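# Inside the fold
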Amino acid sequence: QVQLVESGGGLVQAGDSLRLSCAASGRTKSTMGWFRQAPGQEREFVAAISTVFGRTYYADFVKGRFTISRDSAKNTVYLQMNSLKPEDTAVYYCAQTQGFGTKWPADFGSWGQGTQVTVSS
């Protein structure tokens, strides 16, 4: 059973940047994804990457601000977040899936514990 551990969250000001990390123990499935969940809202897709070929896809609201990447040697996936906005405040989770292209949380598993990102205005 793969375990995923997120890190890198924190409190920043609007316009700042953060880089989140998701470290995996063991062999992961073909696609790793980032999701986020704000208080009182449903978990929503942010970005995903295929672990072998590095293909990526993003939620529309990312609009070029976020970049997902992977370091296969470290078995780690990153989410670089630039130009952060207060509405980006949420707990960010990583998870894995066998397919590619899905944005549905129900298609992903092995959820990490999450890392809090808070953006002040």
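For the structure, see preceding data.
Described in the following lines is the structure provided in the data block. (Residues numbered from 1 in each chain as written. Predicted model: local features only at pLDDT ≥ 70, side-chain atom pairs only at ≥ 80, totals over all residues. Heavy atoms only, no water.)

So, on to the sheet that holds strand S9 (residues 90-97). Overall, mixed pairing links the 6 strands, which are arranged S2-S10-S9-S4-S5-S6 in an open sheet. What marks the edges here is a single partner per strand, and that holds for strand S2 (10-13) and strand S6 (56-58). Neighbouring strand axes in the sheet, compared pairwise and without regard to direction, differ in orientation by 25° on average. Note that strand S5 (residues 44-50) and S6 share 3 bridges and pair antiparallel. Within S6, the position partnered with Ile49 by the bridge is Thr56. (Pairing = 2+ DSSP bridges. Helix = DSSP H or I, 4+ residues; strand = E, 2+ residues; numbered from the N terminus. Axes fitted to C-alpha atoms, helices over the stretch in contact; angles between N-to-C directions.)

Our focus in this paragraph is the sheet that holds strand S3 (residues 18-25). Reading across from one edge, S1-S3-S8-S7 is the order of the 4 strands in this open sheet, with antiparallel pairing throughout. Either end of the sheet is taken by a strand with one partner, and the two such strands are strand S1 (3-7) and strand S7 (66-71). Pairs of neighbouring strands in the sheet enclose a mean axial angle of 15°, with direction left out of account. Where S3 and strand S8 (residues 76-81) come together, 6 bridges link them in antiparallel fashion. For Leu18, the partnering residue across the bridge sits in S8 and is Met81.

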